[in-house]
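Examination of the molecular architecture
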Amino acid sequence: MEKITTVEGPGIPLHQSNVDTDQIIPAEFLKRVTKTGYDDALFYAWRQDPNFVLNNELYANGGVLVAGPDFGIGSSREHAVWALKDFGVTAVISARFGDIFRSNAGKQGLLAAKVREDVVESLWAEIAKNPGIAIRVDLEARDIRCGDIVAPFEVDDYTRWRLMEGLDDIDLSLQQADAIERFEQSRGSWRPTTLPARSA
Amino acid sequence: MAPRTLAQKLWDDHIVARGSNGEPDLLYIDLHLVHEVTSPQAFDGLRVAGRPVRRPDLTIATEDHNTPTLNIDKPIEEPTSRIQIETLRKNCEEFGVRLHSLGDIEQGIVHVVGPQLGLTMPGMTVVCGDSHTSTHGAFGAMAFGIGTSEVEHVLATQTLPLKPFKTMAITVEGELNPGVSAKDIILAIIAKIGTGGGQGYVLEYRGSAIRSLSMDGRMTICNMSIEAGARAGIVAPDQTTFDYVKGRPHAPQGAAWDEAMEHWSTLHTDEGAVFDAEVFLDANTLEPFVTWGTNPGQGVSLSDVVPDPAAMTDEHEKAAALRALEYMDLVPGTRMKDIPVDTVFMGSCTNSRLDDLRTFASIIKGHTKAEGVRVMVVPGSARVRLEAEAEGIDKIVEDFGGEWRFAGCSMCLGMNPDQLAPGERAASTSNRNFEGRQGKGGRTHLVSPMVAAATAIRGTLSSPSDVSAEMVGA
């Protein structure tokens, strides 16, 4: 995976709380069997409204999304992360994230930067003053910079390290193959297997 | 050893390697459930890296999200749905994963199939690329939804690197009034703690009201833990759990059963164990609960009115409510019971098990559906469908004027043709009332099977007591 230390792009204000993954990408787009090509599906229903923020040409190439609390709640669909990335969103800033969304983002190199709620408010105010102003999210320094604003964000140490080193999660786990095998030998015989089916 | 919560015990029992210095633990996964929507990219990832499925014998797949609930003997019409299901079939064959395809007696919603086969048991870790995997926590298992990257991770390694969840006790004491069920309990909990209240936590549901629920009711509650933001919900196993598991196709037998019981009897929160958070709910005062908005936390008692955003103090809550009311086309102060619906959907991984269907049927029996209301009943699995038919539930639904369908996720998320039309309003036993969830422009009120049945009879959001009052009045 590509190493990530900082990302930068125009701050995209999304003045909404509880943005669920059904809004980020509706179910009809989950029928595809590929991992890319979802940029057209991002916020599909909301984008039908010409005034929706992503229809502003300032953000035609993506940027850093600044959203209300509880971003990415609901469905586990990683398609939400793929669609954001395909559109050019490199980071999402919010006071609270859905747990599964945040985990998916960490696996795919989309920064989910958790900040205090007043930081979101001041970023929104800054963007309102200077539409198109850049936000820089620095994973190494764990801070966000936008105009005069400098604010810390939360990211868990392990995800940060893995993203900065560009490490593959599966490789890291497979390095523990011996421990996995030892664990498997100690599992109780009552634990079910799917193959072959036992009969009642 | 210091007293531990049930969640901590389940976690500790599955640690392959304990993380240090802020690293996650490597957690072993006992059962991986797979379906067609979130797996194709994961199998692709394995192919690209040249990795096999490490434990096909701990993996099982079924087709549910895309499958039609009519004409299941014919090829799926919609090409993208058909390709996705064909992709799952090819992947399962290539990687040696057992698959219950459309037409198989064990086909159905993945969270109905696991328990029904006896694959979900106390003391296990269960994952699936689906947020409602929390359902399986009803057995005293640590069960949670994962994304596609994690699906690939589990296929390749049978483990996941994870940090322990915080623990929250949700104690529900008392006795439920007639007409009130598990669904009302969980809707009331979500309204109380909010859609983000459970973030980072595993919720342990406890108290006399939870103990007195059947496994189907407990699954309904754990299922919707994710709607409160929690990845997992659990109920400590007890005799109800053991009776449910015993004799199922994959349940242990003989000495293995005794070994299992010995372990399962330790699966409870120790006296003196400390939770990171605690919430209490009084079951005695609970009424049927329904949602009015566009997230599952926007709910009220059915006897209440549509709330007024102007009275809300939290700015985000107020803005969300204003937007929701506009989308839902509702006016503050409207009695919930005055809201008419176009469709009643009885199904989904929340409420499509035999108990749910029995409850629904017992209320509609002898009635005719309200004029102009579409009533769709979708059993959770092919087996549930057959069991219900053996009890004559299909006849009751058809005599009522409802549609008796084949098994699948159906209108819960409308990936198949079962959708709401724009502007259409539904009383739905499913789990999400998000904008457009059940069809573009569709409006959803989340309800219990009992409220769904009464609503189907009267045409407006109703409780079973409204139906019986009407009978007496007539």
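Residues numbered from 1 in each chain as written. Chains lettered and ligands numbered in written order. Predicted model: local features only at pLDDT ≥ 70, side-chain atom pairs only at ≥ 80, totals over all residues.

**A word on the overall build of chain A**
Using the following cut-off: Numbering of helices and strands runs from the N terminus; a helix is a DSSP stretch of H or I covering at least four residues, while a strand is a stretch of E covering at least two. Counting other C-beta atoms within 10 Å of each residue's C-beta, where C-beta atoms are placed from the backbone, gives the exposure class: buried for 20 or more, exposed for 12 or fewer, partly exposed between. Placing a C-beta atom from the backbone of each residue, one calls two residues in contact when those atoms lie within 7 Å.
Scanning chain A for helices and strands turns up 7 helices and 7 strands. In chain A, the succession of helices and strands from N to C terminus is β-α-β-α-β-α-β-α-β-β-β-α-α-α. When its C-alpha atoms are laid out on the principal axes, chain A stretches across 65 × 40 × 25 Å. Of all 200 residues assigned to chain A, the portion counted as buried reaches 46%. Contacts in chain A between residues far apart in sequence, at least 24 positions, make up 72% of those at least 6 positions apart.

**Details of the interface of chain B and chain A**
Where we set the bar: Classification convention: Asp, Glu, Lys, Arg as charged; Ala, Val, Leu, Ile, Met, Phe, Trp, Tyr, Cys, Pro as nonpolar; all other residues, Gly among them, as polar.
Every contact between the two is made by 73 residues of chain B and, on the other side, 52 residues of chain A. It is helix H5 (residues 148-157) of chain B that provides the largest number of residues to the side of chain B that touches chain A, a total of 7 residues. The residue inventory of the side of chain B that touches chain A, partitioned by class, reads 27 nonpolar, 32 polar and 14 charged.

**Regarding helix H11 (residues 315-328) of chain B**
All names here are of chain B. The line we're drawing: An expected span of 1.5 Å times one less than the residue number is assigned to each helix. Picture the helix axis, draw a direction to every C-beta atom, and the arc is the one those directions span.
Taking 1.5 Å as the rise per residue, H11 with 14 residues should run 20 Å; its terminal C-alpha atoms sit 20 Å apart, in good agreement. Looking at H11, one finds that the buried residues are Ala320, Ala321, Ala324, Leu325 and Met328. Projected onto a plane normal to the axis of H11, the buried residues spread over an arc of 135 degrees and lie on a single side. For H11, exposure combined with an orientation more than 90 degrees from the buried face picks out Glu315 and Glu326. In the core, the buried residues of H11 are packed alongside strand E19 (443-446). Once H11 ends, the next one or two residues include aspartate 329, with phi positive near 55 degrees.

**Side note on the confidence of the model for chain B**
Rules: pLDDT is a per-residue confidence score from the predictor, ranging from 0 to 100.
Scored by pLDDT, chain B comes out at a mean of 97, with 99% of its residues at no less than 70. With a pTM of 0.97, the predicted complex shows an ipTM of 0.96.

**Structural notes on the sheet that holds strand E8 (residues 159-162) of chain B**
Backbone hydrogen bonds hold the strands of a sheet together, and the pairing may be parallel or antiparallel. Residues and elements named next belong to chain B. Heads up, the condition is: We treat two strands as partners when DSSP finds at least two bridges between them. Interaxial angles span 0 to 180 degrees and are taken between N-to-C directions of axes, which are lines fitted to C-alpha atoms, for helices over the stretch in contact.
If you walk across this open sheet you meet the 3 strands as E1-E2-E8, and the pairing is antiparallel. Every other strand in the sheet has two partners, leaving strand E1 (15-17) and E8 as the edge strands with one partner each. Each adjacent strand pair in this sheet contributes to an overall mean axis angle of 40 degrees, direction not counted.

**Quick word on the pairing of E19(B)**
Consecutive residues of a regular strand have side chains that alternate between opposite faces of the sheet. Residue and element names in this part refer to chain B. Residues of E19 alternate between two faces, with Arg443 and His445 on one and Thr444 and Leu446 on the opposite face, all of them buried. Of the pairings in the sheet, the one linking strand E18 (residues 425-428) to E19 comprises 4 bridges and is parallel in character. Bridged to alanine 427 within E19 is histidine 445.

**Examining unusual backbone geometry**
Even without a glycine there, the phi angle at A:Arg142 is positive, about 55 degrees. Topologically, A:Arg142 is positioned in the loop between strand E5 (134-138) and strand E6 (143-146). Accessibility expressed as a C-beta count within 10 Å gives 14 for A:Arg142, which makes it partly exposed. Phi at B:Ser410 is positive, roughly 50 degrees, even though this residue is not glycine. Within the secondary structure, B:Ser410 sits in the loop between strand E17 (403-404) and E18. Using a count of 32 C-beta atoms within 10 Å as the deciding quantity, one classes B:Ser410 as buried.

**A short note on the nonpolar core**
The condition is simple: Nonpolar cores are identified as sets of buried Ala, Val, Leu, Ile, Met, Phe, Trp, Tyr and Cys residues joined via C-beta atoms within 7 Å.
With 155 residues, the main nonpolar core has B:Ile185 and B:Val344 as its most contacted residues. Counting residues per element, this core draws most heavily on helix H6 (residues 182-193) of chain B, which supplies 8 residues. A:Val19, A:Tyr38, A:Phe87 and A:Ile100 belong to the second-largest nonpolar core, a separate cluster that totals 48 residues.

**Digging into the environment of B:Ile210**
All names here are of chain B. By the element assignment, isoleucine 210 lies in helix H7 (residues 208-211). It is 31 Å that separates the C-alpha atoms of isoleucine 210 and arginine 405, two residues lying 195 residues apart in sequence. With residues near it in sequence (within four places) discarded, isoleucine 210 still touches Val172, Tyr205, Arg218 and Val235.

**A few points about the packing of helix H2 (residues 79-87) of chain A against helix H3 (residues 99-108) of chain A**
Think of two packed helices as two axes; the pair is described by the angle between the axes and how far apart they sit. Residues and elements named next belong to chain A. The line we're drawing: What sets the label is the angle itself: under 35 degrees gives roughly parallel, over 145 gives roughly antiparallel, 65 to 115 gives roughly perpendicular, and the rest give oblique. When the near helix sits turned anticlockwise from the far one by under a right angle, the crossing is termed left-handed; a clockwise turn instead gives a right-handed crossing.
Put simply, H2 and H3 touch, their axes get as near as 9 Å, and they point 50 degrees apart. Judged on the interaxial angle alone, H3 and H2 are oblique. The chirality of how H2 crosses H3 is right-handed. When H2 is examined against H3, the residues Ala80, Val81 and Lys85 are found in contact with a partner set consisting of Phe101, Asn104, Ala105 and Gln108. Among the residues making up the contact of H2 with H3, the classes are represented as 4 nonpolar, 2 polar and 1 charged.

**As for helix H12 (residues 354-364) of chain B**
Residue and element names in this part refer to chain B. Most of H12 is tucked away: 9 of the 11 residues are buried. Restricting attention to buried positions, one finds in H12 the residues Leu354, Asp355, Asp356, Leu357, Thr359, Phe360, Ala361, Ile363 and Ile364. In the segment just after H12, glycine 366 is the residue with positive phi, at about 85 degrees.

**So, the packing of H6(B) against helix H8 (residues 215-223) of chain B**
All names here are of chain B. Orientation of H6 relative to H8, taken along the N-to-C sense of each, is 20 degrees, at an axis distance of 8 Å. As summarised for this structure, H6 and H8 are arranged roughly parallel, according to the angle between their axes. The element H6 and its partner H8 pack so that their crossing is right-handed. Counted together, Ala182, Lys183, Ile185 and Ile186 of H6 and Gly217, Thr220 and Ile221 of H8 form the full contact between these two elements.

**Digging into the environment of B:Val305**
Residues and elements named next belong to chain B. On the secondary structure map, valine 305 appears in the loop between strand E14 (299-301) and H11. A sequence separation of 27 residues divides valine 305 from proline 332, and the C-alpha atoms of the two residues are 7.3 Å apart. The contact partners of valine 305, leaving out residues within four places of it in the chain, are Gly333, Thr334, Arg335 and Met336.

**Quick notes on the sheet that holds E19(B)**
All names here are of chain B. A sheet is described by the order of its strands in space; here 5 strands give the open sequence E17-E16-E15-E18-E19, paired in parallel fashion. Of all strands in the sheet, those with a lone pairing partner are E17 and E19, marking the two edges. In terms of strand pairing, strand E15 (residues 343-346) meets E18 through 3 bridges, oriented parallel. Bridge assignment links valine 344 to a residue of E18, and that residue is alanine 427.

**Focus: the environment of A:Gly74**
In this fold, A:Gly74 is placed in the loop between strand E2 (63-67) and H2. Along the backbone, A:Gly74 and A:Gly98 are 24 residues apart, and their C-alpha atoms lie at a distance of 7.1 Å. Aside from chain neighbours lying at most four places away, what touches A:Gly74 is A:Asp20, A:Thr21, A:Asp22, A:Gly98, B:Ser131, B:Arg432 and B:Phe434.

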